Amino acid sequence: MRIIAHVDMDAFYAAVEERYNPRLRDRPVVVGADPKDGQGRGVVTTANYAARKYGIKSAMPITRAWRLANAAQRRGEPETIFLPGNHRLYREVSERIMAVLAPSADAFEEASIDEAYLDLSSLGSFEAAAERALTLKREIVAREGLTCSVGIGPNKLVAKISSDFKKPDGLTVVQPEQVQAFLDLLRIRVIPGIGPKTELLLHDRGIHTVRQLRDLDLFQLVDWFGRWGEDLYAKARGLSESPVSNEWEPKSIGEQETFEHDTLDAAFVLERAQELARSVSQRLGRQGIPAFRTVTVTVRFADFATFTRSHTAREPLVTAEALYTGAVRLLLPFLDHRENPTQKKIRLIGVRAEKLVRAPAPSSYPRRDLETGTSGEEPNP
Ligand code: TTP
Ligand code: MG
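What counts, and where the lines are drawn
Residues numbered from 1 in each chain as written. Chains lettered and ligands numbered in written order. Predicted model: local features only at pLDDT ≥ 70, side-chain atom pairs only at ≥ 80, totals over all residues. Heavy atoms only, no water. Helix = DSSP H or I, 4+ residues; strand = E, 2+ residues; numbered from the N terminus. Buried < 20%, exposed > 50% of the residue type's maximum accessible area, 1.4 Å probe, protein only. Contact = heavy atoms within 4.5 Å. Salt bridge = Lys/Arg side-chain N within 4 Å of Asp/Glu carboxyl O. Near = heavy atom within 4 Å. Polar contact = N/O pair within 3.5 Å; in protein donor to acceptor, adjacent residues only side chain to side chain. Areas by Shrake-Rupley, 256 points an atom, 1.4 Å probe, with all protein chains shown as cover. Donors = N, O, S within 2.8 Å, 3.2 Å for Na, K, Ca; no water. Tetrahedral: all angles 85-135°; square planar, octahedral: opposite > 155°, others 65-115°. Domains from an automatic or database assignment. Core = buried A, V, L, I, M, F, W, Y, C linked by side-chain atoms within 4.5 Å. Pairing = 2+ DSSP bridges. Axes fitted to C-alpha atoms, helices over the stretch in contact; angles between N-to-C directions.

A. Focus on the overall build of the protein. Across its full length, the protein carries 13 helices and 12 strands. Its C-alpha atoms give the protein principal-axis dimensions of about 80 × 70 × 40 Å. Here the protein holds 381 residues, and the buried ones make up 45% of them. Of all intrachain contacts in the protein linking residues separated by at least 6 positions in sequence, the fraction that spans at least 24 positions is 62%.

B. The arrangement of the pattern of salt bridges in detail. The full count for this structure, using the stated rule, is 24 salt bridges. Between K251 and E110 there is a salt bridge, with its nearest N and O atoms 3.7 Å apart. On the criterion of sequence distance, the pair formed by K251 in the loop between α11 (227-236) and β9 (253-263) and E110 in strand β5 (residues 107-112) is long-range, its members being 141 residues apart. When its relative accessible area of 23% is taken as the criterion, E110 is described as partly exposed. The closest approach of N and O atoms between R227 and E230, which form a salt bridge, is 3.8 Å. Of this pair, R227 and E230 both sit in helix α11, separated by three residues, roughly a single helical turn. Where salt bridges share partners, they join D8, D10 and K167 into one cluster.

C. Layout of the site of ligand 1. In the vicinity of ligand 1, the contacting residues are D8, M9, D10, A11, F12, Y13, T45, T46, Y49, R52, D114 and K167. In this structure, M9 approaches ligand 1 through a main-chain N or O atom, which is 3.1 Å from an oxygen atom. At a separation of 3.0 Å, an oxygen atom of ligand 1 approaches a polar backbone atom of F12. Look at ligand 1: alone it shows 550 Å² of surface, and the protein chains cover 66% of it.

D. Just the coordination of the magnesium ion (ligand 2), in detail. The protein atoms that coordinate the magnesium ion (ligand 2) are D8 (OD), M9 (O) and D114 (OD), at distances of 2.0 to 2.2 Å. The coordination sphere of the magnesium ion (ligand 2) comprises six donor atoms, whose angles at the metal cover 82 to 178°; the geometry is octahedral. Binding-site remark: the magnesium ion (ligand 2) is held by donors from one chain whose sequence spacing is D-M-x104-D. Accessibility expressed as a relative area gives 4% for M9, which makes it buried.

E. Up close: the domain arrangement of the protein. When the domains of the protein are assigned, the result is domain 1 (28-79) and domain 2 (252-357). Relative placement of domain 1 and domain 2: their C-alpha centres are 37 Å apart.

F. Examining the nonpolar core more closely. In this structure, F12, L101, F108, L118, L146 and I152 are the most contacted members of the largest nonpolar core, which totals 41 residues. Of all elements in the fold, only β1 (4-9), α1 (12-20), β2 (29-32), β4 (81-83), α4 (87-101), β6 (115-119), α5 (126-144) and β7 (148-153) reach the threshold of two or more residues within this core. Here the element with the most residues in this core is α4; it accounts for seven residues. Once you skip the residues sitting within four places of it in the chain, F108 turns out to touch M98, L101, A102, A116, Y117, L118, V244, N246, E247 and W248. In this structure, L276, I289, V297 and L331 belong to the second largest nonpolar core, which totals 30 residues.

G. Here's a closer look at the pairing of β6. Extensive coverage of β6 is indicated by the burial of five of its five residues. Strand direction decides the pairing type here: β1 and β6, joined by five bridges, are antiparallel. In the sheet register, A5 faces β6, and the bridge partner there is L118. Pairing geometry for β5 and β6, over five bridges, is antiparallel. Note that in β6 the partner of F108 across the bridge is L118. The antiparallel hairpin formed by β5 and β6 contains two residues in its connecting segment.

H. Broad picture of the sheet that holds β6. Pairing within the open sheet is mixed, and its five strands lie in the order β5-β6-β1-β7-β8. Strands at the two margins of the open sheet, each flanked by one partner only, are β5 and β8 (171-173). Ignoring which end each strand starts from, the neighbouring axes of this sheet average 15° apart. Each of β1, β5, β6, β7 and β8 is contacted by helix α6 (residues 156-163), which is oriented at about 145° to β7, the strand it contacts most.

As structure tokens, then:
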């Protein structure tokens, strides 16, 4: 029996913005093109749930979102904040989330910046998988202050559809015997691959629910859609064999720590940096990653203003000491006047190793000749 979970972050870009900017808490937030007082071009990338209440959605023209936001404000609702987006930050947060999820799964597939599939079959039951999902949800809240929605089902298709069933902060478990009843009630648009065109075509033929789609015979679907008709036939039945691909590798490994009290005590901050460097270095070791070339630090001040600084070495760095030394060089300016002229206190620091250098795959080592017992060149340690 396969047990697959699909994790999808809630209003991802907007939620990250809210997390890093307390000014945005509980406000409607739209990430996307500049609205330019209603003259802007381009579209909404995403909107948080407060903005969605105004009818603002992904892919909507930004001018339309602007009008909806203004209309809401005239009704006395909170003002909407429009932001251009910070992809580097979303990428970093995404990588940290993937690194929380991946070790829990038999196989792990990063499906997009904010979603992933986990094969949890070895847990043996849907109850155990649901428990694991709750643990992971709590872990992501604790580490990143972000919520996600999780769907669990007997394959990727059902897991994906069920993660979208209850949002935000949902957990939906669909056991194999419940698949058909669960899908039948849903609208056809929930099926991955059914976009506006297929939806319209099916609506024109009176097909609105998965139940109605399932009533069509295979020949009918193939007649209308060709090969895609066969896929639809299987999808309407919740059938999907595709494996969780398991090609994910961390692109960076890092740790961060929020201090009990905001501080500017240099000795304390550097001591914590040393501890973080040690812990990152241990994780690199456990993952079999012998070296890295880039050191990145994050500094968040008491007012939540957040900065990252990186340095890339010409030669690979191998030790916790090298990571620490690199981090100190990047952190010191935030402790003195160079990067901290008003001497703000620090709330959080992070230390991260990037541009990871991996050991070559064993097959690329010179081969040892087993027959004669003579050996070629030894692989580098
Ligand atoms: P989604 O998971 O589709 O949306 P979401 O996380 O914002 O909201 P939901 O709670 O419904 O899951 O996409 C994830 C992120 O990807 C989203 O925050 C912004 C980005 N994105 C694009 O850049 N272009 C797009 O067309 C869409 C749909 C999303
Ligand atoms: Mg999402």
